[in-house]
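Chain by chain, the residues run as shown.
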Amino acid sequence: MIKACGDRGYGFRAFPLISEAGLFGALVVLYSEPHSLTGRQWILIEGLTELTAISLNKTYQHRKLQKAFDDLRLSQDALIRTEKFRALGQMSAGIAHDLKNLLNPLLLYTDLIRDAAGNRDEVLEISQRVDRILTRGLETVERLRDFSRQSPEETEAVPTDLNSIVHEAIEISKPRLGQIELILQLGSPPMALIRPADCVTAIVNLLFNAVDAVGGKGTINVLTGGSDEGAWVEVADNGPGIPPEIKSRILEPFFTTKGNSGTGLGVSIVYAFIQRHGGRLEIESEPGHGARFKMWFPAIREQRTGEQSQSSRHPG
């Protein structure tokens, strides 16, 4: 440091930047001649040092408060979302019984349709399709109260092939697709330990949201795949995208941009399902460039003899 004063370097004096027991550095004054600064000048330097330390301390405290505020806001948002899910769970438990009473008789009618159809293959195929849809509907009703649960019941989560689930969800969604072009790009995802009925419901919800986004005319892509992270299924559309001002709210139960025609539960159901199964939901969207919803699930891995093994285009 003395060399910084040149060949005539003589010495230096350090002033620690201390405020409220916090050390933020030091102010070093270099001088080339002894007694080159007067007493008043040293007092001024000491005062500037003290003010600098106070300023640094205030900046540090402000950053701490800002971080605490940001953390509190995130915690508050998470708490509000949790309370909404809990309220939804309590409410859905009350209506599940009534919905089940409405759906159960329809299964009996499909039996009557098959009996009346005789050998008419087309009617039999339609009745069987309706029967499968109603069966999934009943399973979904049973899952309504899962909004108040934190994890799936192990007895109901089974090794599931996402590709077969995608085909089932598309079959249910066909009446809503209309003239929309549906593009399937199915990979080879590993088996995932999930409840099939919940997964079908989640994909159907994403498909319906995509249908609403493209307004009946457009393209929807459904993709599956896997990696070391697990198995995934993605629904993407070429609609207008999600405005930035509402993107942070689309996971909130009952939040909707569809007015009276929407319940605000579609994405919430998807999010709750993924949370219960230890997965994650990735959302990508830019105004004018559509939206992509990607569901990730942990893959099933089995240990065998010390080695780890992991057990087209369609019009709408």
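Residues numbered from 1 in each chain as written. Predicted model: local features only at pLDDT ≥ 70, side-chain atom pairs only at ≥ 80, totals over all residues. Heavy atoms only, no water.

**Student:** Sorry if this is basic, but what is going on with the overall build of the protein here?
**Tutor:** Looking only at helices and strands, one finds six helices and twelve strands in the protein. In the protein, which comprises 316 residues, the share counted as buried stands at 35%. Carbon together with sulfur atoms contributes 55% to the accessible area of the protein, which is approximately 19100 Å² in total. (Helix = DSSP H or I, 4+ residues; strand = E, 2+ residues; numbered from the N terminus. Buried < 20%, exposed > 50% of the residue type's maximum accessible area, 1.4 Å probe, protein only. Areas by Shrake-Rupley, 256 points an atom, 1.4 Å probe, with all protein chains shown as cover.)

**Student:** Teacher, can you tell me more about the packing of helix α3 (residues 162-177) against helix α4 (residues 196-214) here?
**Tutor:** Helix-helix packing: each pair is described by the crossing angle between the helix axes and the interaxial distance. Remark: α3 packs on α4, axes separated minimally by 9 Å, with the N-to-C direction vectors making an angle of 45°. Between α3 and α4, the crossing angle belongs to the class labelled oblique. In the crossing of α3 with α4, the sense of the turn from one axis to the other is right-handed. Judged by residue contacts, L162, I165, V166, E168, A169, I170, I172, S173, R176 and L177 of α3 engage P196, C199, V200, I203, V204, L207, F208, V211 and D212 from α4. Residues belonging to the contact of α3 with α4 are distributed by class as follows: 15 nonpolar, one polar and three charged. (Axes fitted to C-alpha atoms, helices over the stretch in contact; angles between N-to-C directions. Parallel < 35°, antiparallel > 145°, perpendicular 65-115°, else oblique. Left-handed = near helix turned anticlockwise from the far one by under 90°. Contact = heavy atoms within 4.5 Å. Nonpolar A, V, L, I, M, F, W, Y, C, P; charged D, E, K, R; others polar.)

**Student:** Sorry, what's going on with the pairing of strand β6 (residues 219-227) here?
**Tutor:** Moving residue by residue along a regular strand, the side chains alternate between the two faces of the sheet. Pairing analysis gives five bridges linking strand β4 (residues 181-185) to β6, with the strands arranged parallel. Bridge pairing links E181 to T219 in β6. One ladder, built from eight bridges, connects β6 with strand β7 (residues 230-237); its direction is antiparallel. Each bridged residue has a counterpart across the sheet, and for S227 the counterpart in β7 is G230. Where β6 folds back onto β7 in an antiparallel hairpin, the turn is made up of two residues. (Pairing = 2+ DSSP bridges.)

**Student:** Where do I start with the packing of aromatic side chains in this structure?
**Tutor:** Two descriptors summarise a pair of aromatic rings, namely the distance from one centre to the other and the angle between the planes of the rings. What the rule picks out here adds up to two aromatic pairs. An angle of 50° between the planes, with centres 6.3 Å apart, marks the rings of W232 and W296 as tilted. With W232 in strand β7 and W296 in strand β9 (residues 291-297), this pair connects stretches of sequence that are 64 residues apart. We note that W232, like W296, is buried. Between F273 and F297 the ring centres are 5.5 Å apart and the planes differ by 55°, which places this aromatic pair in the tilted class. Note that F273 is positioned in helix α6 (residues 266-276) and F297 in strand β9, a separation of 24 residues in sequence. As far as burial versus exposure is concerned, F273 and F297 are alike and both buried. (Phe/Tyr/Trp six-rings, centres within 6.5 Å; stacked < 30°, edge-to-face > 60°.)

**Student:** I tried to follow the nonpolar core on my own but got confused; where do I start?
**Tutor:** General note: in soluble globular proteins, nonpolar side chains tend to be found buried as a group. I203, L207, I220, L281, F293, M295 and F297 are the most contacted members of the largest nonpolar core, which has 40 residues in total. Where this core is concerned, the elements lending two or more residues are α3, β4, β5 (192-194), α4, β6, β7, α6 and β9. Ranked by the residues each element gives to this core, the list is headed by α4, at ten residues. Counting residues in hydrophobic clusters, the runner-up holds five residues, among them F15, V29, Y31 and W42. (Core = buried A, V, L, I, M, F, W, Y, C linked by side-chain atoms within 4.5 Å.)

By themselves, these figures tell us nothing about what the structure is for.
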